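Each chain, letter by letter, is given below.
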Amino acid sequence: MAVFAFYSFEIKHLARQAELDFPDLEAKPEYAEQEELFREVFSGKEVSLWKTFRRKDGSYDKNVQEEFDNEILVNREDIIVMTIDANKKKTTIEKKHKITHPHNPFATVIIDYREGQNLIALQKNAAFNKPERLAEVVLHTFNRLFAAYDLRMEMTPLVREGLTFWDAVTEIRARHHDKVKRISLDFSEAQESADPSSGKALTIISNIMRKLHANGMMVVESKDDTEVDLDKVHEDMLMLADICMEQPEYELNVHFASYGVYRFGADVTAQFGVDDRIFENFQNYVDDPDLFGEHHSLDRWLEITKEMLETQDYVKSETTEPAAKPSRRR
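Residues numbered from 1 in each chain as written. Predicted model: local features only at pLDDT ≥ 70, side-chain atom pairs only at ≥ 80, totals over all residues. Heavy atoms only, no water.

Asker: Whenever I open this one, the overall build of the chain confuses me. Can you help?
Answerer: When its secondary structure is counted, the chain shows seven helices and 16 strands. The buried share of the chain, taken over its 330 residues, is 50%. Considering only residue pairs separated by 6 or more positions, the chain has 69% of its internal contacts joining residues 24 or more positions apart. Accessible area of the chain: about 17,600 Å², with a carbon and sulfur share of 48%. (Helix = DSSP H or I, 4+ residues; strand = E, 2+ residues; numbered from the N terminus. Buried < 20%, exposed > 50% of the residue type's maximum accessible area, 1.4 Å probe, protein only. Contact = heavy atoms within 4.5 Å. Areas by Shrake-Rupley, 256 points an atom, 1.4 Å probe, with all protein chains shown as cover.)

Asker: What's the story with the pattern of salt bridges in this structure? I'm lost.
Answerer: Where charged atoms of side chains with opposite charge meet at close range, the side chains can pair. Tallying each qualifying case throughout the model produces seven salt bridges. One salt bridge in this structure joins lysine 12 and glutamate 154, with 3.2 Å as the shortest N-O distance. One end of the pair, lysine 12, is in strand β1 (residues 2-13); the other, glutamate 154, is in strand β10 (residues 151-160), and 142 residues separate them in sequence. According to the relative accessible area criterion, glutamate 154 is partly exposed, its value standing at 23%. In this structure, glutamate 77 and arginine 76 form a salt bridge, with 2.3 Å as the shortest nitrogen-oxygen distance. On the accessibility criterion, glutamate 77 (44% relative accessible area) is partly exposed. (Salt bridge = Lys/Arg side-chain N within 4 Å of Asp/Glu carboxyl O.)

Asker: Explanation requested: the packing of aromatic side chains in the structure shown.
Answerer: Each aromatic ring pair is summarised here by two numbers: the centre-to-centre distance and the angle between the ring planes. For the structure on display, the rule yields nine aromatic pairs. Seen in terms of ring centroids, phenylalanine 6 and tryptophan 301 are 5.8 Å apart; in terms of plane orientation they differ by 50 degrees. Their pairing is tilted. In this pair, phenylalanine 6 is assigned in strand β1 and tryptophan 301 in helix α7 (residues 298-309), connecting sequence segments 295 residues apart. A relative accessible area of 0% places phenylalanine 6 in the buried class. Taken together, a centroid distance of 6.5 Å and an interplanar angle of 40 degrees make the contact between phenylalanine 68 and phenylalanine 128 tilted. One end of the pair, phenylalanine 68, is in the loop between β3 (60-67) and β4 (70-76); the other, phenylalanine 128, is in the loop between β9 (119-123) and α2 (131-147), with 60 residues separating them in the sequence. (Phe/Tyr/Trp six-rings, centres within 6.5 Å; stacked < 30°, edge-to-face > 60°.)

Asker: Which parts of the structure should I look at to understand the environment of isoleucine 72?
Answerer: With respect to the helices and strands, the residue isoleucine 72 is situated in strand β4. Sequence-wise, isoleucine 72 and glutamate 46 are 26 residues apart; in three dimensions their C-alpha atoms are separated by 5.3 Å. Apart from residues lying up to four places away in sequence, isoleucine 72 is in contact with Phe42, Gly44, Lys45, Glu46, Val47, Ile80, Val81 and Met82.

Asker: For this particular structure, what's the right way to read helix α1 (residues 34-41)?
Answerer: Considered for burial, the residues of α1 that qualify are Gln34, Glu35, Leu37, Phe38 and Val41. What you see down the axis of α1 is that its buried residues fit within an arc of 160 degrees, all on one side. (Arc of directions from axis to C-beta.)

Asker: What exactly am I supposed to notice about the pairing of strand β13 (residues 251-256) here?
Answerer: Along a regular strand, successive side chains alternate from one face of the sheet to the other. β13 sits mainly inside the fold: six of its six residues count as buried. Of the two faces of β13, the one lined by Glu251, Asn253 and His255 and the one lined by Leu252, Val254 and Phe256 are each fully buried. The sheet contact formed by β13 and strand β14 (residues 261-264) spans four bridges and is antiparallel. Bridging across to β14, leucine 252 finds its partner in phenylalanine 264. (Pairing = 2+ DSSP bridges.)

Asker: Is there a simple way to think about unusual backbone geometry in this case?
Answerer: Among all residues except glycine, the phi angle is most often negative; among peptide bonds, the trans geometry is most common. A positive phi angle, near 60 degrees, is found at aspartate 78, a position not held by glycine. Within the secondary structure, aspartate 78 is located in the loop between β4 and β5 (79-85). The backbone of asparagine 118 shows a phi angle near 50 degrees, a positive value even though the residue is not glycine. Residue position: asparagine 118 is located in the loop between β8 (106-112) and β9.

Set out below in structure tokens:
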């Protein structure tokens, strides 16, 4: 089950002397249609992705470029599914000596460039640690590709404002005719002692996990094909949701039978999960109904998520800025 943070994007035209320093790229004709642009740029099995190297102090070294291996898994029906590798190192012990190896975990990126959609979904996993870091890579490296057409992309994170836990769960159940199969409370990110106001049992468990430097999670799962009866624990779930909003170290995850995961917590960008089989079905042109007879394709999952993101509960945050400082193109 992959969890994604969602961003909206917009393609804008630039003057021929664009304020992006990519002198090596040959200028190409403009595209009137966004769909045609994405089909052209992402037509192969991979694209050239590199960005200016960022120093630890936050400045950029223009003489050092960081490249990112990637693979375009599929580009059809105006939806791109691709992976981008992170550039990391991993130390192992070989014959009593520490050996450092390249380590390239990857994250999945979904680009929905259908008219009216304009969504980019970035996987949240250990490859880039935070979706914001992957967003920086995507924005800067994609803009290098678009600069040849005198275009640039602006990305805007979609964040939650005022959305209640219960309203979100109810909306997903209604839109997808879905069932809640699993609820998990994740407090793996706790770095300090939990606030006693979060409840005695949670405080004890969270502090034990922190002291052991271990991950901590509480899970409730339904039996067989039944649904977790949230109505019976309505007040309890609201209390947990309040804890998650007040304390960033807690995240409440609701796992649906078909839709995927809805993640709730403080300072969480709009995040939704999707079952791996939906990716596989999309790549293999397979229409595979779930146990309840529902057809949940990737395109439909994105459409429903877009509908939720357009409600008043989700707003556009500040636009993500390109990673490198702009300069005149020579």
